[in-house]
Amino acid sequence: MFLKPSFAAILASLASVQVVNAWFRLACSTPLVQERIDPIIAPGQISQHLHSIHGGSNFSKDMTYNTARQSSCTSCSIAQDLSNYWTPTLYFKDPTTGQFEKVPNGGLLVYYQNRGSADASNGGKGLKAFPAGFRMISGDPRKRSKKYAEGLGTQAELAERAIKSTCLRYGSGNTGYDYYGFPTTDCEAGLNTRLHMPACWDGVNLDSPDHKSHTAYLSMVDNGDCPSTHPVPLMKLFYEITWDISGFSNRWKGKPWPFVWSNSDPTGYGWHGDFQNAIDHCNQTPDQLAGKSEACPYFTVLPASTFSTCRAKTTEVVEPINGPMAKLPGTVQETPLSTAPPTAPSESSASTAGLN
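Model, not experiment: these values are computed from the prediction. (Residues numbered from 1 in each chain as written. Predicted model: local features only at pLDDT ≥ 70, side-chain atom pairs only at ≥ 80, totals over all residues. Heavy atoms only, no water.)

**Quick word on the overall build of the protein chain**
Line of reasoning, step 1. For the protein chain, the count of helices and strands is four helices and 19 strands.
Line of reasoning, step 2. For the protein chain, buried positions account for 54% of its 356 residues.
Line of reasoning, step 3. A separation of at least 24 residues holds for 74% of the contacts in the protein chain among residues at least 6 apart in sequence. (Helix = DSSP H or I, 4+ residues; strand = E, 2+ residues; numbered from the N terminus. Buried < 20%, exposed > 50% of the residue type's maximum accessible area, 1.4 Å probe, protein only. Contact = heavy atoms within 4.5 Å.)

**With respect to the state of the cysteines**
Line of reasoning, step 1. Within this structure, the stated rule accounts for four disulfides.
Line of reasoning, step 2. Here Cys167 pairs with Cys187 through a disulfide, and the sulfurs are 2.1 Å apart. An S-S torsion of about -115 degrees defines the bridge between Cys167 and Cys187 as left-handed. With Cys167 in strand E11 (residues 165-168) and Cys187 in the loop between strand E12 (177-179) and strand E13 (190-196), the pair connects residues that are 20 residues apart, well separated along the chain. For the pair shown, Cys167 and Cys187 are each scored as buried.
Line of reasoning, step 3. A disulfide bridge connects Cys200 with Cys226, and the sulfur atoms are separated by 2.1 Å. The disulfide joining Cys200 to Cys226 has a torsion of about -90 degrees about its S-S bond and is therefore left-handed. Pair noted here: Cys200 is in strand E14 (residues 200-201) and Cys226 is in the loop between strand E15 (215-216) and strand E16 (232-233), with a separation of 26 residues, a long-range link.
Line of reasoning, step 4. Residue class for Cys226 comes out partly exposed when judged on its relative accessible area of 26%. (Disulfide = S-S within 2.5 Å.)

**Structural notes on the sheet that holds strand E5 (residues 84-88)**
Line of reasoning, step 1. Here five strands make up an open sheet; going across it, the order is E3-E4-E5-E19-E10 and the pairing antiparallel. Looking at which strands have only one partner, the edges of the open sheet turn out to be strand E3 (33-35) and strand E10 (135-139). Put simply, the sheet's adjacent strands are angled 20 degrees from each other on average, direction ignored. (Pairing = 2+ DSSP bridges. Axes fitted to C-alpha atoms, helices over the stretch in contact; angles between N-to-C directions.)

**Section: the pairing of strand E2 (residues 24-28)**
Line of reasoning, step 1. Because side chains alternate across E2, one face comprises the buried residues Phe24, Leu26 and Cys28, and the other comprises Arg25 and Ala27, none of which is buried.
Line of reasoning, step 2. Taken together, the five bridges between E2 and strand E8 (residues 105-113) define a ladder with antiparallel strand orientation. Among the inter-strand pairings, Leu26 is bridged to a residue of E8, identified as Val110.

**Things to note about the nonpolar core**
Line of reasoning, step 1. One finds Tyr112 and Phe275 to be the most contacted residues of the largest nonpolar core, which totals 43 residues.
Line of reasoning, step 2. When residues of this core are traced back to their parent elements, those giving at least two are E2, strand E6 (90-93), E8, E13, strand E17 (236-243) and strand E18 (259-261).
Line of reasoning, step 3. Counting residues per element, this core draws most heavily on E17, which supplies four residues.
Line of reasoning, step 4. Among the nonpolar cores identified, the runner-up in size contains 17 residues, and Leu32, Val33, Tyr65 and Ala68 belong to it. (Core = buried A, V, L, I, M, F, W, Y, C linked by side-chain atoms within 4.5 Å.)

**Remarks on the confidence of the model for the protein chain**
Line of reasoning, step 1. Summary statistics for the protein chain give a mean pLDDT of 85 and a share of 81% for residues scoring 70 or more.
Line of reasoning, step 2. A low-confidence stretch, residues 1-22 (pLDDT under 50), is modelled with 51 contacts involving residues beyond four sequence positions or located in other chains.
Line of reasoning, step 3. Scored below 50 in pLDDT, residues 345-356 shows 35 contacts in the model against residues more than four places distant or in partner chains. (pLDDT = per-residue confidence, 0-100.)

**Examining the pattern of salt bridges**
Line of reasoning, step 1. Following the criterion strictly, the structure yields 14 salt bridges and no others.
Line of reasoning, step 2. Close ionic contact of Arg142 with Asp140 constitutes a salt bridge, the shortest N to O distance being 3.2 Å.
Line of reasoning, step 3. Residue Arg142 is classed as partly exposed on the basis of its relative accessible area, which comes to 32%.
Line of reasoning, step 4. Taking the relative accessible area as the measure of exposure, Asp140 reaches 18% and is therefore buried.
Line of reasoning, step 5. The network of salt bridges with shared partners includes Asp94, Glu101 and Arg251. (Salt bridge = Lys/Arg side-chain N within 4 Å of Asp/Glu carboxyl O.)

**Considering the sheet that holds E6**
Line of reasoning, step 1. Sheet architecture is open: three strands sit in the order E7-E6-E18, paired in antiparallel fashion. Looking at strand neighbours, the two that pair on one side only are strand E7 (100-102) and E18, the edges of this open sheet. Between one strand axis and the next, the sheet turns through 35 degrees on average, direction left out of account.
Line of reasoning, step 2. The pairing of E6 with E7 spans three bridges and is classified as antiparallel. Bridged to Lys93 within E7 is Phe100.

**Focus: the packing of aromatic side chains**
Line of reasoning, step 1. One pass over the full model with this rule turns up 19 aromatic pairs.
Line of reasoning, step 2. A centroid spacing of 6.0 Å and a plane angle of 75 degrees characterise the contact between Tyr85 and Tyr239, whose relative ring orientation is edge-to-face. Taken as a pair, Tyr85 in strand E5 and Tyr239 in strand E17 lie far apart in primary sequence, 154 residues in all. Grouping residues by exposure puts Tyr85 and Tyr239 together as buried.
Line of reasoning, step 3. These aromatic residues form a ring-pair network of at least three members: Phe92, Phe182, Trp243, Phe248, Trp252, Trp257, Phe259, Trp261 and Trp271.
Line of reasoning, step 4. The aromatic ring of Tyr180 is capped on one face by Lys146, whose charged end is 5.0 Å from the ring centroid. (Phe/Tyr/Trp six-rings, centres within 6.5 Å; stacked < 30°, edge-to-face > 60°. Lys NZ or Arg CZ within 6 Å of the ring centre and 35° of its normal.)

**Remarks on the environment of Gly181**
Line of reasoning, step 1. Counting through the fold element by element, Gly181 comes out in the loop between E12 and E13.
Line of reasoning, step 2. Sequence-wise, Gly181 and Gly268 are 87 residues apart; in three dimensions their C-alpha atoms are separated by 4.0 Å.

What follows is the structure, given as structure tokens:
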């Protein structure tokens, strides 16, 4: 399902949205819920793989912008932001027992960034805040390898470049490194996974059949120009999560990489992120350039002791997710790395034939 507002509504939306020239960091610690729900890819159904979801408490398989705005709390640090942000979850597969265990992390950081030639600080006319009901995704859960030469500049290559992470090794005497897909070594200070969202909009559709075509990446992913097909410049979202994989290092030393994304991906290339907008916009200007959300008088910045206790209004899929367990939550199970195809079978359809 995708949403297309009337032309009059589009014009009203664009006219009423003020220019944005600010950025801030949004801290989201404990997930709101971890379950097989994805209202963008599989609305009204059970998803095939587990997600870690952050944001407004009314998250559900049938959620809309209006129901999200009625959330009673958020698991992130700004009270007025009732948006939802979600990604797959990382699992450790014990090479001795074959059992899966969920890997802990330090929470999700979401950066609202002013980027691109259209930003006022770069001499442009300014960015637009997300319209009500806007949603998008970045990444492909089916992806299992790198396909394009870096720097090609096509939207497909930019989408591939938008997901790149770092093996953090400080304090260990080893040198950290950036990578596409999964690394091959322990990351003593954490596996830092990062994702850029598109920052250009077609100005018409709040969503699209593939949940991507209504958006486009900046010409340099983190900066640059919007293509003529997507002329409306938006704030750019950037996700960051650091996973504590080193806690498992004594159980796989000298053996192949043992971690897998919850979407059954042993390569790392299939990490992805979803965004459902439900924020009232704060359009302050220079006072937020240091990235301090407190600088915006519109925001109520919550203490961690408050937002970390917010939970989803309902848990729609109740099943074991922590492990140890014999298989991943869901219906699509791990493909061994040696046999993983460049693109995995489609995971866009949902499973409703029982909980696994």
